[in-house]
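Residue-level structural notes
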Amino acid sequence: MIWSVPFNFGQTELKRGKNIVIGKFELAINQRFELRMLTINLVSILTPNAVPLYLNTAMELCSVGLYRGTMLTGPLAYAAFREQACSTNAFYRCVVASPGTYQFIVSNNTANVDLAVAATGAFKFYY
C-alpha cells in the first residue's frame, strides 16, 4: 500500500533561536518513506531594523528539514531560506528505509531576529 501525503505549516511566528516540530512519524521494519518535496518561505521579519546574527551560517536565516534525531545540524534533507523561498531538489528524492522515529523541524537560525515563516512538503509512505 502507498500513501501520498502533502503537508502545510501555515504562517507562524518563530522566535529567535527556536524550532518547532511540525510533524513526527515512525517507520517500522519493511516500511519505506520517500520525501518528494520540502519548501521554506520567509513571510516576514518581525524584528525591525535588526541585522541577523546567525547561530549557524550553513542553515541560513531559517530552515525546514527531515531529521532522525534532534540535532539541527544533521538533517537527512533540508531547505534553507537565503534570499528567496527555497525547495529541496524535486528530482533527487530522499528515501529512508531504516526503522526509527523521524521529524520535520522548522528552525529560526538567528540569535536576535523573530520571523514569520511558512513551510510545505510532500512525502510517500510505502508499506
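What comes next is a walk through the structure. As the structure is a prediction and not an experimental result, all values here were calculated from the model. (Residues numbered from 1 in each chain as written. Predicted model: local features only at pLDDT ≥ 70, side-chain atom pairs only at ≥ 80, totals over all residues. Heavy atoms only, no water.)

**Let's talk about the pattern of salt bridges**
For the structure shown, the criterion picks out five salt bridges. A salt bridge links Asp114 to Lys15, with the nearest nitrogen and oxygen atoms 3.8 Å apart. Here Lys15 lies in the loop between β1 (2–14) and β2 (19–27) and Asp114 lies in the loop between β8 (100–108) and β9 (115–126), a separation of 99 residues in the sequence. For Asp114, a relative accessible area of 9% corresponds to the buried category. Looking at Lys15, the relative accessible area reads 41%, which means it is partly exposed. (Salt bridge = Lys/Arg side-chain N within 4 Å of Asp/Glu carboxyl O. Helix = DSSP H or I, 4+ residues; strand = E, 2+ residues; numbered from the N terminus. Buried < 20%, exposed > 50% of the residue type's maximum accessible area, 1.4 Å probe, protein only.)

**Comments concerning the nonpolar core**
Core analysis: the biggest nonpolar cluster contains 28 residues, and Phe33, Leu35, Ile40, Leu66, Phe104 and Val117 have the highest contact counts within it. Contributions of two or more residues to this core are made by β1, β2, β3 (32–45), β4 (62–67), β5 (77–81), β7 (94–96), β8 and β9. Look past the residues within four positions of Leu66 in its chain and what remains in contact with it is Phe25, Phe33, Leu35, Leu38, Pro75, Leu76, Ala77, Cys94, Val96, Tyr102, Gln103 and Phe104. (Core = buried A, V, L, I, M, F, W, Y, C linked by side-chain atoms within 4.5 Å. Contact = heavy atoms within 4.5 Å.)

**Some remarks on unusual backbone geometry**
Apart from glycine, the bulk of residues carry a negative phi angle, and the bulk of peptide bonds sit in the trans form. Phi at Asn30 takes a positive value of approximately 70 degrees, unusual for a residue other than glycine. On the secondary structure map, Asn30 appears in the loop between β2 and β3. On the basis of relative accessibility, which here comes to 72%, the residue Asn30 falls in the exposed class. The phi torsion at Asn49 lies on the positive side, around 55 degrees, for a residue other than glycine. Here Asn49 shows up in the loop between β3 and β4. For Asn49, a relative accessible area of 83% gives the class exposed.

**Topic: the environment of Arg93**
With respect to the helices, strands and loops of the structure, Arg93 is situated in the loop between β6 (86–87) and β7. Arg93 gets classed as partly exposed once you look at its relative accessible area, which sits at 40%. Along the chain, Arg93 and Arg36 lie 57 residues apart, while their C-alpha atoms are 5.6 Å from each other.

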